[in-house]
Amino acid sequence: MRRTLLPLLALLLAGCSRDVDDILDAWKAEGEVPSGFTDVGEKLPGGRCKAGKVNGLDATLCFFDSGAKADQAQESAWALVGEAVGAAVVSGKWVLVIADPRKEDPSGRRINALVKIYQDKTR
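Worth saying up front: this structure is predicted, and the values here are computed from it rather than measured. (Residues numbered from 1 in each chain as written. Predicted model: local features only at pLDDT ≥ 70, side-chain atom pairs only at ≥ 80, totals over all residues. Heavy atoms only, no water.)

Asker: Please explain the overall build of the protein chain as it appears in this structure.
Answerer: Scanning the protein chain for helices and strands turns up five helices and five strands. In the protein chain, the order of α-helices and β-strands from amino to carboxyl end is α-α-β-β-β-α-α-β-β-α. The buried share of the protein chain, taken over its 123 residues, is 37%. In the protein chain, the share of contacts with a sequence separation of at least 24, taken over all contacts with a separation of at least 6, comes to 48%. (Helix = DSSP H or I, 4+ residues; strand = E, 2+ residues; numbered from the N terminus. Buried < 20%, exposed > 50% of the residue type's maximum accessible area, 1.4 Å probe, protein only. Contact = heavy atoms within 4.5 Å.)

Asker: Looking at this model, I keep getting lost on the nonpolar core. Mind explaining?
Answerer: Soluble globular proteins: nonpolar side chains tend toward being buried together. By size, the foremost hydrophobic cluster in this structure holds 21 residues, and its most contacted members are Trp27, Leu61 and Tyr118. Listing elements by their share of this core, those giving two or more residues are helix H2 (20-29), strand S3 (57-63), strand S4 (85-91), strand S5 (94-100) and helix H5 (109-122). Contact partners of leucine 61, with chain neighbours within four places excluded, come to Val20, Ile23, Leu24, Trp27, Phe37, Arg48, Cys49, Lys50, Trp94, Val95, Leu96 and Tyr118. Judged by nonpolar contacts, the second largest core, of eleven residues, contains Cys49, Ala77, Val81 and Val97. (Core = buried A, V, L, I, M, F, W, Y, C linked by side-chain atoms within 4.5 Å.)

Asker: What is the right way to look at the pattern of salt bridges in this model?
Answerer: A side chain of one charge can pair with a side chain of the opposite charge if their charged atoms are brought near each other. Counting across every chain of the model gives five salt bridges. Note that aspartate 58 and lysine 53 form a salt bridge whose closest N and O atoms lie 2.5 Å from each other. Residue aspartate 58 is classed as partly exposed on the basis of its relative accessible area of 24%. Its relative accessible area of 34% is what places lysine 53 among the partly exposed residues. Between glutamate 104 and arginine 102 there is a salt bridge, with its nearest N and O atoms 3.2 Å apart. (Salt bridge = Lys/Arg side-chain N within 4 Å of Asp/Glu carboxyl O.)

Asker: Looking at this structure, I do not really get the packing of H2 against H5. What am I missing?
Answerer: Angle between the axes and distance between the axes are the two parameters that describe a pair of packed helices. Between H2 and H5, the least distance of the axes is 9 Å, while the angle of their chain directions is 130°. One way to sum up the angle between H2 and H5 is to call them oblique. Where H2 crosses over H5, the two elements pack in a sense that is right-handed. Residues Asp22, Ile23, Ala26 and Trp27 of H2 form the contact with H5, whose own contacting residues are Leu114, Ile117, Tyr118, Lys121 and Thr122. Here the residues of the contact of H2 with H5 are counted per class, giving six nonpolar, one polar and two charged. (Axes fitted to C-alpha atoms, helices over the stretch in contact; angles between N-to-C directions. Parallel < 35°, antiparallel > 145°, perpendicular 65-115°, else oblique. Left-handed = near helix turned anticlockwise from the far one by under 90°. Nonpolar A, V, L, I, M, F, W, Y, C, P; charged D, E, K, R; others polar.)

Asker: How do you make sense of the environment of glycine 46 when you look at a structure like this?
Answerer: For glycine 46, the position within the fold is in the loop between strand S1 (34-41) and strand S2 (48-54). Considering only alpha carbons, one finds glycine 46 and glutamine 72, 26 residues apart in sequence, at a separation of 9.4 Å.

Asker: How should I be thinking about the pairing of S5 in this particular structure?
Answerer: Side chains on a regular strand alternate between the two faces of the sheet. Of all seven residues making up S5, seven are buried, and the element is well covered by its neighbours. As judged from the six bridges shared by S3 and S5, these two strands associate in the antiparallel manner. Note on S5: the bridge partner recorded for cysteine 62 is valine 95. Sheet topology places S4 next to S5; seven bridges connect them, and they run antiparallel. Residue pairing for S5: alanine 88 is matched across the bridge by valine 97. Two successive antiparallel strands, S4 and S5, enclose a turn made up of two residues, where glycine 92 displays a positive phi of approximately 65°. (Pairing = 2+ DSSP bridges.)

What follows is the structure, given as C-alpha cells:
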C-alpha cells in the first residue's frame, strides 16, 4: 500500500510550488528576469517572504502555513503596493505582491504576465 501512495503523493505535490525558487524558475522559463531575491522574514504577518525585482518591478513572494492565513495577509499585501500601480494576489498558500513605483510597466502587461505564471505555478 505504501508503494502506491508515494507516487500518488508525488503527483499531487508536483503542481504545487513549495519554494520561491520554483516560482522564480517558472518566471525565467517564460523569459522573465527575476533578480536579487533575498529573505525578508515576515514582511507580511505570518509569512515566510523573499523580495527582489522582476523586469524592474518590485516583487515580494510569501508562503503561509495555510490558505486562510494567506487570505488574511492580502490587506497587508496591498499596503506594500502603496500608491504605486501593482497587484496583491493570493493563490493557495502563497501571496505575490508586485509594485511598479518607477512606472516601468504603464500598460500593466508585464504585471499581468507575472501574475499568470505565478498563479499557474501555485494552484
